[in-house]
Amino acid sequence: MKSIKEQNQVLLRSFVFTIIVLLIFGWIAQLVSGQRIAAFDRKVTDAVRSLHSDAMTMVMKAFTELGSEFLVLLLIVAFAAILGFIGYRRELIFYLGVIGASALLNLLLKTMFQRARPDINRIIEASGFSFPSGHSMSAFTLYGITIYFLWKHLRYRWMRATVIVIGAVLIAMIGISRIYLGVHYPSDVIGGYLVSAAWLIMSIGLYERFLEQRWLSRKLRLQGERNGGPSRT
């Protein structure tokens, strides 16, 4: 159990990291709006596309499916069902709230920026606006919040490390696959990661503070009940 001072420090760090990440996103968003990031996008896209082969295309299509609406929704329902079944109602509400808000945030940002998708070297088709990447945001949020829950409940460090590595690889490869398949610019993917990272940092920081405060309130209430109860001889 952390002290009140430690809780405040953790929450403050969460807000500081959130602001830093949002400032970086804002800088990239300005470059996108002013069409001043084309050279960066072109260089990264060329580097990713240099890996092109039939086998690599199959791999990238598989990774991009891991961030597709159907599979993401399926994973959300499955994990939510598990949380509900084991009685983790508070975690379930937080889980669905974070993911749902992330989806709405992506829709809002796409509508604001209205960046057209790349129109050359497409391997698959995709509709809608480009910035920030919906696949990147949904993957970062879904797998990020899932990693957080698993990390909290796994006992051994090697298990936690394994989950983090697997999740990080999945998130990175889903974003790279969108560049490889020609449906997003690199700045779209980076923007999606940054927005989701900021949202997760803030949400988890507030949620951890809520859990600490709830635990403290319960402890104080139990102490009051003991002190006010009948004495024993």
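None of these values were measured; they are calculated from a predicted model.

**A closer look at the environment of Gly128**
With respect to the secondary-structure elements, Gly128 resides in the loop between helix H5 (89-113) and helix H6 (134-153). Spatially, the C-alpha atoms of Gly128 and Leu107 are 9.8 Å apart, while their sequence positions differ by 21 residues.

**Some remarks on the packing of H6 against helix H7 (residues 157-180)**
Two elements in contact, H6 and H7, have axes whose closest approach is 9 Å; the angle formed by their N-to-C orientations is 175 degrees. If you check the angle between H6 and H7, you find them roughly antiparallel. Within the contact between the two elements, H6 uses His135, Ser136, Ala139, Phe140, Tyr143, Gly144, Ile147, Leu150, Trp151 and Lys152 and H7 uses Arg160, Val163, Ile164, Gly167, Ala168, Leu170, Ile171, Ile174, Gly175 and Arg178. Its residues assigned to classes, the contact of H6 with H7 comprises 12 nonpolar, 5 polar and 3 charged.

**Description of a nonpolar patch on the surface**
There is a patch of nonpolar side chains on the surface, built from Leu12, Val16, Phe17, Ile20, Ile24 and Trp27 and spanning about 600 Å² of accessible area. Along the chain, the position of Ile24 falls in helix H1 (residues 4-33).

**Thoughts on helix H2 (residues 38-49)**
Between its first and last C-alpha, H2 extends 16 Å over 12 residues, near the 16 Å set by a 1.5 Å rise per residue. Buried within H2 we find Asp41, Thr45 and Val48. One side of H2 carries all its buried residues, which in axial view fall inside an arc of 60 degrees.

**So, the pattern of salt bridges**
In total, this model carries 4 salt bridges according to the counting rule given. Across the pair Glu125 and Arg122 runs a salt bridge whose closest N-O atoms are separated by 3.2 Å. On the basis of relative accessible area, Glu125 is assigned to the exposed category, the value being 65%. The class for Arg122 is partly exposed, based on a relative accessible area of 28%. Via salt bridges that share partners, Asp41, Arg115 and Asp188 belong to a single interconnected network.

**Remarks on the packing of helix H4 (residues 69-85) against H5**
For any two helices packed against each other, the geometry is given by the interaxial angle and the distance between the axes. Taken N-terminus to C-terminus, the directions of H4 and H5 make an angle of 160 degrees; their axes are 9 Å apart at the nearest point. In terms of axis orientation, H4 runs roughly antiparallel to H5. Helix-helix and strand crossings are classified by hand; for H4 and H5 the assignment is left-handed. Two secondary-structure elements touch here, H4 through Leu75, Ile76, Phe79, Ala80, Leu83 and Gly84 and H5 through Glu91, Leu92, Tyr95, Leu96 and Ile99. Taken together, the residues of the contact of H4 with H5 break down into 9 nonpolar, 1 polar and 1 charged.

Analysis parameters
- Residues numbered from 1 in each chain as written.
- Predicted model: local features only at pLDDT ≥ 70, side-chain atom pairs only at ≥ 80, totals over all residues.
- Heavy atoms only, no water.
- Helix = DSSP H or I, 4+ residues; strand = E, 2+ residues; numbered from the N terminus.
- Axes fitted to C-alpha atoms, helices over the stretch in contact; angles between N-to-C directions.
- Parallel < 35°, antiparallel > 145°, perpendicular 65-115°, else oblique.
- Contact = heavy atoms within 4.5 Å.
- Nonpolar A, V, L, I, M, F, W, Y, C, P; charged D, E, K, R; others polar.
- Patch = residues over 30% accessible without salt bridge, like charges linked within 9 Å, V, L, I, M, F, W, Y side chains within 5 Å.
- Areas by Shrake-Rupley, 256 points an atom, 1.4 Å probe, with all protein chains shown as cover.
- Salt bridge = Lys/Arg side-chain N within 4 Å of Asp/Glu carboxyl O.
- Expected span 1.5 Å × (residues − 1).
- Buried < 20%, exposed > 50% of the residue type's maximum accessible area, 1.4 Å probe, protein only.
- Arc of directions from axis to C-beta.
- Left-handed = near helix turned anticlockwise from the far one by under 90°.

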